[in-house]
Amino acid sequence: MFQMEVLAGILRESGCSGGVIAGDFNAIHPNDHTLVKNHGLVDTWVALRGPDGGATWGVCVIGKSRHKPGRLNKIVMLGLQPVEIEVLQPGLVDAYTRWSDHCGLSCIFTI
């Protein structure tokens, strides 16, 4: 929570017209799902595709997982116009082992 407060504040500093915050938000606690809105930021996935889909965790694991897929990784923004966003699957180390249990996100913005 504190990290998002600091980063959102930086995007609103004098002379800054916005920007991007991206990475693993580990949005597993109910309060985590309100961080973006509570800090006046825009979730790029939601802006372009709506609230459904975009899972970045639990979809690229080979085999069964006890957790359901979720959007743990996010790209949030302020003062930008998103054009496109997609989920990127991690590559394989060998035939069965992915180099990450998280998918990445690729996004294009208009400044």
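Quantities reported herein were computed from a predicted structural model and do not represent experimental measurements. (Residues numbered from 1 in each chain as written. Predicted model: local features only at pLDDT ≥ 70, side-chain atom pairs only at ≥ 80, totals over all residues. Heavy atoms only, no water.)

*Asks:* Could you give an account of the nonpolar core, with specific residues and numbers?
*Replies:* Formed by Met4, Ala8, Leu11, Ile21, Phe25, Leu35, Val36, Leu41, Val76 and Leu78, the largest nonpolar core amounts to 10 residues. Elements that contribute at least two residues to this core include exactly helix 1 (2-11), helix 2 (35-38) and strand 3 (73-78). The greatest single-element share of this core, amounting to three residues, is contributed by helix 1. Among all residues touching Val76, those that are not within four sequence positions of it are Gly19, Val20, Ile21, Phe25, Val36, Leu41, Val42, Asp43 and Thr44. (Core = buried A, V, L, I, M, F, W, Y, C linked by side-chain atoms within 4.5 Å. Buried < 20%, exposed > 50% of the residue type's maximum accessible area, 1.4 Å probe, protein only. Helix = DSSP H or I, 4+ residues; strand = E, 2+ residues; numbered from the N terminus. Contact = heavy atoms within 4.5 Å.)

*Asks:* Lay out the environment of Ser17 with the relevant residues and their values.
*Replies:* Inspection of the secondary structure assignment puts Ser17 in the loop between helix 1 and strand 1 (19-24). What makes Ser17 exposed here is its relative accessible area of 67%. Distance from Ser17 to Gly79, taken between C-alpha atoms, is 6.2 Å for residues 62 residues apart in sequence. Ignoring any residue separated from it by four or fewer positions in sequence, one finds Ser17 in contact with Leu78 and Gly79.

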